[in-house]
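Coordinate inspection notes
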Amino acid sequence: MKVKRFILASIVFILASGACLALALLYLYHHPSTVKRLVEDYLSARFGVETTIGELEYGLQPMQVHAAHIAVRNAKSGDDLDLSLLRLNAAFKLEGQFGRRTLVIERMALAGVSLTAGERMNWADLIPDTGPPSAFSRLAKRAAAALLFRDVRIGVVDLDDGEAVLGKGDLKMALRRIRAGTTPEGIRVDGELQIQWPATGAVFDAPQFGTLLNLGFSADQDIFSGQLLLPEARYTSPQATATASQAEVHLALSLGPDRITLEDGRLSCRSLTFNREGMEELPLHAPRLSATGEFDRRQGVMRLARWQLTLDELLDISGEAELKLGAARTLDIKRIDGALFPGKMIPTAFLAAGCKLTPVQVTGAVGINGHLVFKETERGWIEDGDVTAAFDQNAVKAVLGSLRIEGKVTGTIRGSGRASAPMIATRLSGRQILLNGSGLRVEPFAVDVSAEGTYPAFSIPLLEIRVPAAALPVADTFHAINDLLLRATNGTIEADTMSLSCPEIILTSDVLRNLKASLAADLRQMTVVVSGSETGWAEAAGRFQLLPTGWHFGGVDRLQAKAVIRPDGESRLSSTLELSGLSFADASERCAGEDIALRAEITARSHHPEGAIAVVASLRASGGEFLWDRFYLNPGNNPVTLSANLHYALSGRRLQINSARLELEHLLTLNVGGHLVRKGSQTAYDMTLQASPAPAAPLFATFIAEPLRYRQPALAAALVDGLLSAEVHVAAEGNRRSLRGHVDWQSGNAVTADKEVRLEGIELRLPLWYQSEGADRGDPPMKGKLTVRRVTAPMLPAQELVLPFDVLPNQLNTTGELRVRFPEGEVRLGTVSGRELFSPSPQVKTRLAVKRVQVGGFLKGLWSLPVDADVNGELEDIVFDGRDVRSRGRLVADIFKGKIIVQNPGVDAALSTAPNLQADCLIQDVNLADATQNTSFGRIQGVLGGRLEHLEIVDGEPQRFTLLLETIRTQGVPQRINVEAVENIARIGGGQSPFVGFAGNVASFFKEFNYDKIGIRAVLENDVFKINGTIKEGGVEYLVKRGGIPGVDVVNSNPINQISFKDMVKRVRRVTESPSGPVVN
Amino acid sequence: MKQHGKLVKAAVAFAILSIGACVTINIYFPAEKVEAVAGEIVQEVRGLQPEKDTDTPQKNKSSSLKRPMLVASIVATAWAAEDVTTVSNPTIRALKQQMKNRYPLLKPHFKSGVLREGADGFVALANAGALNLKDKRDVTGLVDAENKDRRVLYQEVAKAMKIEPSQTDRVATIFAKEWQKSLQ
């Protein structure tokens, strides 16, 4: 019963409710003003806006609505929303079965639509905060769906001349000339669009836009799909302009009560062009952005499950993202995957930076992944993220001026953190790197580099370059250097100050080793410090032909150098090179050094604007040995110190030697000043060299005696002392060369080893003057003088020697006679003129006069008795050509009442170890009785004449001659020869005594014999002495022809009568040294 | 036929030209004699053979008194029988003496391998690495002096043997063998 009563009551209630509803609807149908108020109230309540409808009419047959003067204002923010609609006409119909009906808006015409949204307009406020529907609400909604309609479908909608002005923050958007209508594809909206950002002056302007919207409403969800077409759009800001053509936006949304689902979102355009003042136009073709996701209406979060951005083969990336709206907007690109295409991206980036030419090209795809977060804060947007770009065998080509680098790169570049201060970590490896245009020949090499840090500070843990083989050009020739390794570690870069620091750089190769360096550079200066020990510099220098061919060096080196380079200021270099155990030698080992300890210091300064370099250098060698040809120096005993203060002007290529000093301790100090100028391929110089006074003895020992010890032993054995000094000015320009100065020898003495010749109290000023042929010779002569206070020599009286001379270019001329006094008589040496003294063939001319020089003393060794012989004569044109001495003239010795005349004497190879004295002699009217008186040879009376031709004497011995001796019958002079003389002539001639046997008995009656003539011809050559008689009668050759009774003939029976000269000397010696005269057997 | 005739003419002309172009130059070079001289000089310098002493001439057995008058007759001495290869003069003797004096200084360096006798007749540094520079300087000085003397010696020998100066190098080459032989 109870159930029946309940059912009955329910039916009554439903019927009553339906009747009430029908009555209400009937009432409303006939009272449009009530409906108008209801609608106004509903809209105001539903969307929080203040809505007024001026006119409202409707009908059911047909179903239509007419409204006019509709105004909507934001109830909360006053005038922030102002929507007015002048007129609205709509026709409806219901389709479908009862309970499943669809309300079809067959046609809707809107006119005079104007929308203005103000600054404080919050569109979110318009979204009703429905919350979870109540049971009644759901029941009412289902009831309405069952009784009225379930879906809404829009038919034809027309909007004409609409306008919307929206403002939000720094954004003002205006839609004008809006026209809308429905098409079979959906709702089409056309118009003009302009968006302005007044604060920044930026404007987005689309003169024409078109949209195609599809709206579907249902009880469960609303569906929106649309397409926005922008045939042309332009974004303009004070900084740049972007122009897009044929831009399209596709959106497909499902509008749910809690979320809006982005079924499909796509943005693309045919082309997008960027322009910025000072940069090239940057066109991008067919950029595309697509996304799918959903918008959580409650949380105000847009989640993109997938997005993809493709930019004109620049990049193709995709991922997922989340955009949070509200007070703190956040864009979180949670995942980025894809690839960059640096082949076009880098040129585009350089083009954007205003560079038409791209110095770096990278081809292939660079993988990129990571995430990015953009947060809006009070201070603006903050970016954060972690993005890694991965290279995999990407081809890289870089062009830096003439330098071209190519290769393949593998590795990663990772950026993380805030964009304002990103943490960058790079690990890159280059392989098969080719380097061209550097002037080097480099085999493909490898590079590894790692860098990390946060802007602006980055560290470079490792930079390593490995070159298997390279060739360096030195003097037009390439020289190999292999296994080159440059490793820099712990480097840092400060990007804000543009500073670089590499504290540890190691450089090794197969030749140069153990080199360490550090580098610090910023915009103001660069500091390079290089150090190393046992670097193999010698091998490297040899390989690079920086050393003369054939030279080799060795030793332990230690190098320290520091260079501070300031592009716009003063640059400095300070370096120290220490070499221990230095050894070197040229190919012939004529120049060599061993175990030398060397220390060199160089300090240089240069000032960029002046283009000049000032250098202070010092070098000290101590210990070891040095040999140059036959000149030997022991730096341990005579340390070598070189110091120099130089100034080099780059512009004029001029080296100014402010001061330079070379000191060989205990030997010599040489000071140099002047300059050198490089002119084209020639070097001009003008320098003064000054040698301070130094003891002559060690100089003589070091530079003359020791080197010439074996070649000129007599000279080497001489003793020399005094002080030597010199000053020389040398100059050259073009082909002109000159040398001018003097050498001084003061308080000097020179003594031969046997102490027989002494020169004491030597004062010498020797001017030196050399000029090349092209030089000026107009200057007056330089004066020089040799004074020897006391000269002593065997058989000469002690005497003073004074020899003044003038020096002209390449000439030396004595200005007075040099008199050499003899015990009796003197020799006068005339003016000595030396010419072309600096040429390979100098020429010295002089003349000699002999005045009554008594030479008897000199003949003591040759003649057993004192000889009275005066020599007089003159030798003209004595010429020394550097090898031989020639003269013209004669010396006459008055001896034995006759004369011996020496003609045109000379010396071959005068400076050799075996000088060859040459002369021709005439023998005139020598009285044989005087010559043979009291000699062991025997006595001959008569007068002798003859000649000695082609005489050559070497080492005190005759080497060659042709002797012709004949007696000359003279009235009053008997011609007699005693027995001893006959025997000795026979002996010398190679025979034996004729006085043997019967002949001896006969001869015993006589002591002397008459002779008619004595005639001897003797020839010496090649140590063979040949003697013949000159008297030939009846086929007999006589040396002595008898002349009456008693007489004697000495006959040569052997036409080839020759003997070695050595034997001949022995024969003569036996004859002449016999105390009792010749022995007659 | 014409072509054949031209070939014959050309061949004849070539033959005539070839005969005319043949010039024979004979340069006399007494190699054996130089070798003997070189051996003698080298042995003397190196002290391997006592210096020749030819001061004892042979007696002249043909001397006689041909007439009642006294006649001294000079006949050939032992010189004719002496070694015909002997080449000497004061220059050569001086050079030999200097080289002889120098040899004791050179000898240890030949033994130690520092010096060697070159194939050109001159002393050369072979391995001076073991020497300090001072010794090297001395050795170099010795070598220079020795070679300078040898150069003159070869010229003098050639001159004495009437050999063309242009053949002096051949003389030196022959001497080289003797110098080398003396060290063995």
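It should be emphasised that the depicted structure is a prediction, and the values quoted were computed from it without experimental measurement. (Residues numbered from 1 in each chain as written. Chains lettered and ligands numbered in written order. Predicted model: local features only at pLDDT ≥ 70, side-chain atom pairs only at ≥ 80, totals over all residues.)

Along its length, chain B carries 5 helices and 3 strands. Each helix (α) and strand (β) of chain B, taken in turn from the N terminus, gives the series α-α-β-α-β-β-α-α. Considering only residue pairs separated by 6 or more positions, chain B has 64% of its internal contacts joining residues 24 or more positions apart. (Helix = DSSP H or I, 4+ residues; strand = E, 2+ residues; numbered from the N terminus. Contact = placed C-beta atoms within 7 Å.)

A tally of helices and strands in chain A yields 12 helices and 63 strands. The 1081 residues of chain A split such that 21% are buried. Nonlocal contacts in chain A, meaning residues at least 24 apart in sequence, comprise 49% of its contacts between residues at least 6 apart. (Buried ≥ 20, exposed ≤ 12 C-beta atoms within 10 Å, placed from the backbone.)

A separate point is helix 7 (residues 696-705) of chain A. Those residues of helix 7 of chain A lying buried are A696, F700, T702 and A705 of chain A. Contacts made by the buried residues of helix 7 of chain A are with strand 39 (682-695), helix 8 (713-716), strand 40 (719-733) and strand 41 (736-751) of chain A.

A few words now on the environment of V788 of chain A. Residue and element names in this part refer to chain A. In this fold, V788 is placed in strand 43 (residues 782-793). Looking at V788, the number of C-beta atoms within 10 Å reads 20, which means it is buried. Spatially, the C-alpha atom of V788 lies 5.8 Å from that of E800, the residues being 12 residues apart in sequence. Discounting residues that sit within four places of it in the chain, V788 has contacts with L759, G761, I762, E800 and L801.

All names here are of chain A. In this structure, V926, I977, V982, I985, V1040 and V1050 are the most contacted members of the largest nonpolar core, which totals 49 residues. The leading source of residues in this core is helix 10 (residues 979-988), at 6 residues. Filtering out sequence-adjacent residues up to four positions away, V1040 remains in contact with I977, V982, I985, Y1011, I1014, V1048, D1049 and V1050. Counting residues in each nonpolar core, the second largest holds 30 residues, with L56, M108, L159 and L230 among its members. (Core = buried A, V, L, I, M, F, W, Y, C linked by C-beta atoms within 7 Å.)

Here helix 4 (residues 135-147) of chain A contains 13 residues, and its C-alpha end-to-end distance of 18 Å stays within 8% of the 18 Å for a straight helix at 1.5 Å per residue. Within helix 4 of chain A, only 0 of the 13 residues are buried, leaving the element largely exposed. (Expected span 1.5 Å × (residues − 1).)

With that settled, the discussion passes to the packing of helix 4 (residues 133-160) of chain B against helix 5 (residues 168-182) of chain B. Residue and element names in this part refer to chain B. One way to put it is that helix 4 packs onto helix 5 with a least axis distance of 9 Å and a crossing angle of 110°. Looking at the two axes, helix 4 sits roughly perpendicular to helix 5. Note that helix 4 runs across helix 5; the crossing there is right-handed. Across the interface between the two elements, Y154, Q155, V157 and A158 of helix 4 pack against T168, V171, A172 and F175 of helix 5. In the contact of helix 4 with helix 5, the residues fall into 6 nonpolar, 2 polar and no charged. (Axes fitted to C-alpha atoms, helices over the stretch in contact; angles between N-to-C directions. Parallel < 35°, antiparallel > 145°, perpendicular 65-115°, else oblique. Left-handed = near helix turned anticlockwise from the far one by under 90°. Nonpolar A, V, L, I, M, F, W, Y, C, P; charged D, E, K, R; others polar.)

Residues and elements named next belong to chain A. Pairing analysis gives 3 bridges linking strand 18 (residues 360-362) to strand 20 (residues 380-400), with the strands arranged antiparallel. Looking across to strand 20, one finds that V360 is bridged to A398. The pairing of strand 19 (residues 366-377) with strand 20 spans 11 bridges and is antiparallel. The residue of strand 20 that forms the bridge with N369 is T388. Following strand 19, the chain reverses through 2 residues before pairing antiparallel with strand 20. Strand direction decides the pairing type here: strand 20 and strand 21 (residues 403-416), joined by 13 bridges, are antiparallel. By the bridge assignment for strand 21, K397 is matched with E406. (Pairing = 2+ DSSP bridges.)

Here the focus is the confidence of the model for chain B. Regions with low pLDDT should not have their predicted coordinates read in detail. All names here are of chain B. The predicted model of chain B averages 74 in pLDDT, with 64% of residues at 70 or higher. Throughout residues 17-26 the model reports pLDDT below 50, and contacts reaching past four residues in sequence, or to other chains, amount to 0 contacts. Across residues 53-70, where pLDDT falls below 50, the model places 38 contacts with residues more than four positions away in sequence or in other chains. In the predicted assembly, ipTM is 0.73 and pTM is 0.66. (pLDDT = per-residue confidence, 0-100.)

What follows concerns the packing of helix 3 (residues 90-112) of chain B against helix 4 of chain B. All names here are of chain B. In the contact formed by helix 3 and helix 4, the axes pass within 10 Å of each other and the chain directions differ by 150°. The angle between helix 3 and helix 4 falls in the class roughly antiparallel. Handedness of the crossing formed by helix 3 with helix 4: left-handed. In contact with T91, I92, L95, Q98, M99, R102, L105, L106 and H109 of helix 3, helix 4 contributes V139, L142, A145, E146, D149, V152, L153, E156 and V157. Its residues placed into classes, the contact of helix 3 with helix 4 shows 11 nonpolar, 3 polar and 4 charged.

Attention now moves to the environment of L650 of chain A. Among the secondary structure elements, L650 of chain A is positioned in the loop between strand 36 (640-649) and strand 37 (654-664). The exposure class of L650 of chain A is exposed, given the 11 C-beta atoms found within 10 Å.

Right, let's get into unusual backbone geometry. Residues and elements named next belong to chain A. With a phi close to 55°, M498 is a non-glycine residue in the positive phi region. Of note, M498 is situated in the loop between strand 26 (477-494) and strand 27 (499-508). Unlike most non-glycine residues, E534 shows phi in positive territory, near 50°. Its place among the elements puts E534 in the loop between strand 29 (526-533) and helix 6 (537-543).

Averaged over all residues, the pLDDT of chain A is 85; the fraction at 70 or higher stands at 93%. Contacts of residues 1075-1081 of chain A to residues separated by more than four positions or lying in other chains number 17 contacts, the stretch itself having pLDDT below 50.

Tracing the sequence through the fold places L801 of chain A in strand 44 (residues 796-808). Taking the C-alpha atoms as reference points, L801 of chain A and R790 of chain A, 11 residues apart in sequence, are found 7.0 Å from one another.

To continue, consider the pairing of strand 44 of chain A. Residue and element names in this part refer to chain A. Pairing geometry for strand 43 and strand 44, over 9 bridges, is antiparallel. Paired with K785 across the bridge in strand 44 is P804. What sits between the antiparallel neighbours strand 43 and strand 44 is a turn of 2 residues, in which M795 has the positive phi angle 70°. With 4 bridges joining them, strand 44 and strand 45 (residues 811-814) adopt antiparallel strand pairing. The residue bridging F805 from the neighbouring strand is T814, located in strand 45. Linking strand 44 to strand 45, which pair antiparallel, is a turn of 2 residues; within it N810 sits at a positive phi near 65°.

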